Amino acid sequence: MSAPQEGPWLDGAAGRLVRPYTISDGRTRPSTSLDLLSLVMATGTTPLGYLGPEHGQALELCAHPMSVAELAGHLALPAAVTKVLLSDLVDCGALTTKPPTFHDNPTDRSLLEAVLDGLRRQL
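Notes on the structure in this doc start here. The structure presented is a predicted model; accordingly, all values stated were derived computationally and were not measured.

A look at the overall build of the protein
Here's step 1: Counting secondary structure elements, the protein contains five helices and five strands.
Here's step 2: N-terminal to C-terminal, the α/β element order of the protein is β-β-α-β-α-β-α-α-β-α.
Here's step 3: Across the 123 residues that make up the protein, the buried fraction comes to 27%.

Rendered as structure tokens:
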């Protein structure tokens, strides 16, 4: 058995040791409506009561506005589980959400080219 890669929830040989539905206590629906492009940001309020380690990781990542999709990637969790975790943090006042903002014309050529350029820089 190799050493854990990223904390107690991952094992180099076995992968994720805890199933995603366990992390969300079996819940599949968030209490807050969140889109994959919704932005979430920490409010600075400390959550009361016990929250799991994934909640803490999400809260740390939300020091600056981040989309739900980005957070799911950073946490290596399915988007549905990430939404449940984030809604827990919204419910206790530790996170605030902002709906996604869209350009006036989402098919505008200059906007699409800017997105493509950004994707190319990431690769």
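So much for the structure itself; the text now carries on.
A short note on the sheet that holds strand β3 (residues 39–42)
Note on sheets: strands pair through backbone hydrogen bonds, and any given pair is parallel or antiparallel.
Here's step 1: Taken together, three strands build an open sheet; the order of strands is β4-β3-β5 and the sheet is antiparallel. Each edge of the open sheet carries a strand with a single partner, namely β4 (66–67) and β5 (95–98).
Here's step 2: Note: β3 against β4, two bridges, orientation antiparallel. Opposite Leu39, over in β4, you have Ser67 as the bridge partner.

Considerations on unusual backbone geometry
Here's step 1: The phi angle at Ala76 is positive, at roughly 55 degrees, despite the residue not being glycine.
Here's step 2: One can find Ala76 in the loop between α3 (68–75) and α4 (79–91).

Here we look at the side chain of Ser38
Here's step 1: Assignment of secondary structure puts Ser38 in the loop between α1 (20–23) and β3.
Here's step 2: A relative accessible area of 4% places Ser38 in the buried class.
Here's step 3: Separated by 2.8 Å, the side chain of Ser38 and the backbone nitrogen of Asp35 make a polar contact.
Here's step 4: Discounting chain neighbours no more than four positions away, the residues touching Ser38 are Met66, Ser67, Val68, Lys98 and Pro100.

Observations regarding the nonpolar core
Here's step 1: Membership of the largest hydrophobic core comes to 15 residues, with the highest contact counts inside it found for Val40, Leu71, Leu86 and Leu95.
Here's step 2: Secondary-structure elements contributing two or more residues to this core are α3 and α4.
Here's step 3: Sorting elements by how many residues they give to this core places α4 first, with four residues.

A closer look at the packing of helix α2 (residues 53–61) against α4
Here's step 1: Where α2 meets α4, the axes come as close as 10 Å, and the angle between the chain directions of the two elements is 75 degrees. Judged by the angle between their axes, α2 and α4 are roughly perpendicular. Across from Glu54, His55, Ala58 and Leu59 in α2, the residues of α4 making contact are Leu85, Leu86, Asp88 and Leu89.
Here's step 2: Residue classes in the contact of α2 with α4 are distributed as five nonpolar, one polar and two charged.

Rules of the game
Residues numbered from 1 in each chain as written. Predicted model: local features only at pLDDT ≥ 70, side-chain atom pairs only at ≥ 80, totals over all residues. Heavy atoms only, no water. Helix = DSSP H or I, 4+ residues; strand = E, 2+ residues; numbered from the N terminus. Buried < 20%, exposed > 50% of the residue type's maximum accessible area, 1.4 Å probe, protein only. Pairing = 2+ DSSP bridges. Polar contact = N/O pair within 3.5 Å; in protein donor to acceptor, adjacent residues only side chain to side chain. Contact = heavy atoms within 4.5 Å. Core = buried A, V, L, I, M, F, W, Y, C linked by side-chain atoms within 4.5 Å. Axes fitted to C-alpha atoms, helices over the stretch in contact; angles between N-to-C directions. Parallel < 35°, antiparallel > 145°, perpendicular 65-115°, else oblique. Nonpolar A, V, L, I, M, F, W, Y, C, P; charged D, E, K, R; others polar.

Geometry only, nothing functional implied.
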